[in-house]
Amino acid sequence: AQSVTQPDIHITVSEGASLELRCNYSYGATPYLFWYVQSPGQGLQLLLKYFSGDTLVQGIKGFEAEFKRSQSSFNLRKPSVHWSDAAEYFCAVALNDMRFGAGTRLTVKP
Amino acid sequence: NAGVMQNPRHLVRRRGQEARLRCSPMKGHSHVYWYRQLPEEGLKFMVYLQKENIIDESGMPKERFSAEFPKEGPSILRIQQVVRGDSAAYFCASSLGTGDTYEQYFGPGTRLTVT
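Read on for a plain summary of the structure.

Bringing the overall build of chain A into the picture now. The secondary structure content of chain A amounts to zero helices and 12 strands. What you see in chain A, going N to C, is helices and strands ordered as β-β-β-β-β-β-β-β-β-β-β-β. The C-alpha atoms of chain A give a radius of gyration of 13 Å, which matches the 13 Å a tight globule of 110 residues would have. Viewed in the frame of its principal axes, chain A has a C-alpha envelope of about 40 × 30 × 20 Å. When each of the 110 residues of chain A is scored for burial, the buried share is 47%. Per element, the accessible surface of chain A, about 5,200 Å² overall, is 48% carbon and sulfur. Where the 10 positive side-chain charges of chain A centre and where its 9 negative ones centre are 2 Å apart.

Now for the interface of chain A and chain B. Contacts between the two partners involve 19 residues from chain A, matched on the other side by 19 residues from chain B. Overall, the association of chain A and chain B removes approximately 1,500 Å² of surface from exposure, summing both partners, and the carbon and sulfur fraction of that is 54%. Taken as a group, A:Leu44, A:Met98 and A:Phe100 account for 28% of the area that chain A buries against chain B, more than any other trio of residues on that side. On inspection of chain A and its partner chain B, the count reaches one salt bridge. The partner of B:Glu103 in a salt bridge is A:Lys49, with the nearest N and O atoms 2.3 Å apart.

If you look at the biggest cluster of nonpolar residues, it comprises 27 residues, and the most contacted ones within it are A:Leu19, A:Trp35, A:Leu47, A:Leu48, A:Phe74, A:Leu76 and A:Tyr89. Broken down by secondary-structure element, the contributors of at least two residues to this core are strand E2 (10-14), strand E3 (19-21), strand E5 (32-38), strand E6 (44-50), strand E8 (64-68), strand E9 (73-78), strand E10 (87-94) and strand E12 (104-109) of chain A. Leaving out residues up to four positions away in the same chain, A:Tyr89 has contacts with A:Gln6, A:Leu21, A:Trp35, A:Tyr36, A:Val37, A:Leu47, A:Phe63, A:Leu76, A:Gly103, A:Thr104 and A:Leu106. Counting 23 residues, the second largest nonpolar core, distinct from the first, contains B:Leu21, B:Leu77, B:Ile79 and B:Val82.

All names here are of chain B. A cis amide bond links Asn-7 with the next residue in sequence, Pro-8, at an omega value of -5°. Summarising the element assignment, Pro-8 is placed in the loop between strand E1 (5-7) and strand E2 (10-13). The phi dihedral of Arg-64 is positive, around 75°, even though this residue is not glycine. Tracing the sequence through the fold places Arg-64 in the loop between strand E6 (53-56) and strand E7 (65-68). For Gln-81, which is not a glycine, the phi torsion comes out positive at approximately 45°. You can see Gln-81 is positioned in the loop between strand E8 (75-79) and strand E9 (88-95). Residue Gln-81 is classed as exposed on the basis of its relative accessible area of 54%.

On to the state of the cysteines. Residues and elements named next belong to chain B. Scanning all chains against the criterion turns up two disulfides over all chains. Each sulfur of the disulfide joining Cys-23 and Cys-92 lies 1.7 Å from the other. Its S-S torsion of approximately -50° makes the covalent link between Cys-23 and Cys-92 left-handed. Taken together, the positions of Cys-23 in strand E3 (residues 19-24) and Cys-92 in strand E9 put the pair 69 residues apart, joining distant regions of the chain. By the burial criterion, Cys-23 is buried, and Cys-92 matches it.

So, how was this worked out
- Residues numbered from 1 in each chain as written.
- Chains lettered and ligands numbered in written order.
- Predicted model: local features only at pLDDT ≥ 70, side-chain atom pairs only at ≥ 80, totals over all residues.
- Heavy atoms only, no water.
- Helix = DSSP H or I, 4+ residues; strand = E, 2+ residues; numbered from the N terminus.
- Rg over C-alpha atoms; globule rule 2.2 N^0.38 Å.
- Buried < 20%, exposed > 50% of the residue type's maximum accessible area, 1.4 Å probe, protein only.
- Areas by Shrake-Rupley, 256 points an atom, 1.4 Å probe, with all protein chains shown as cover.
- Lys, Arg positive; Asp, Glu negative; His and termini not counted.
- Charge placed at Lys NZ, Arg CZ, Asp CG, Glu CD.
- Contact = heavy atoms within 4.5 Å.
- Buried area = accessible area lost by both parts, 1.4 Å probe.
- Salt bridge = Lys/Arg side-chain N within 4 Å of Asp/Glu carboxyl O.
- Core = buried A, V, L, I, M, F, W, Y, C linked by side-chain atoms within 4.5 Å.
- Disulfide = S-S within 2.5 Å.

Okay, structure coming up:
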C-alpha cells in the first residue's frame, strides 16, 4: 500500500544546532516529493520539492532535502536552526494523488 | 497574482446546522483539493476536483459532506448537519495540473468550530 511515514512526531533542538527531519515513503514508483511547513494557525508553505535530477534540492529559509532512492527517503535538513523555524513540518508525496505524512513538530530551545 | 483564497477564515456553527466553505484557486489553476486537519493531527485528503468534475472523493465521509467546483465561481465544501467531530481546520489547495505542474498551493484554511 502507498504510504508516507514521518517517524518523529516531535523533535526538540537547540537554536544554532543542526536539524534533520525524516521522511520515508512506500510507493511502487518514485513519486514527486515535497516538504511543507505550517506555522501555528497558518496554512502550509512549500519549502522545497523534488521531481527529478539532482537528488539534493535546495529550498527556502536555508532548508535542503536529499532524495535517496535506495532508502525510499527524502529527509529534510538545515545546518543551523533559528527560533523562527519552530513549526510543524509535513512531508508529502504525489503519484496519482498527494499524500501527507502525519507531521513532525519542531521545538527550538533558546 | 493572488494566492489561494478561502473564506470564511473562521466559522462557528451549532450542531445540526450547515457549513459552507469556499475556496478560490490561484488564477489559472483548474485543480482543487480539500484537506481536513483535526487538532494535533496531520492533513487528511478529502476530495480532488477539476472544473465541474469530482476526480477523487475517496477521503470524503460518505454522509453529510459534499464538494463542488462549478464552471464559474469558487469551489464549495458543504457539510450538512454538522456535529462536534467536524470541528477542524479545512484547507484548500490548487494546482495547475499533474506531472511537473503538480505542486499544490495552499490557502490559509477555514477553522470550523461546532458548538
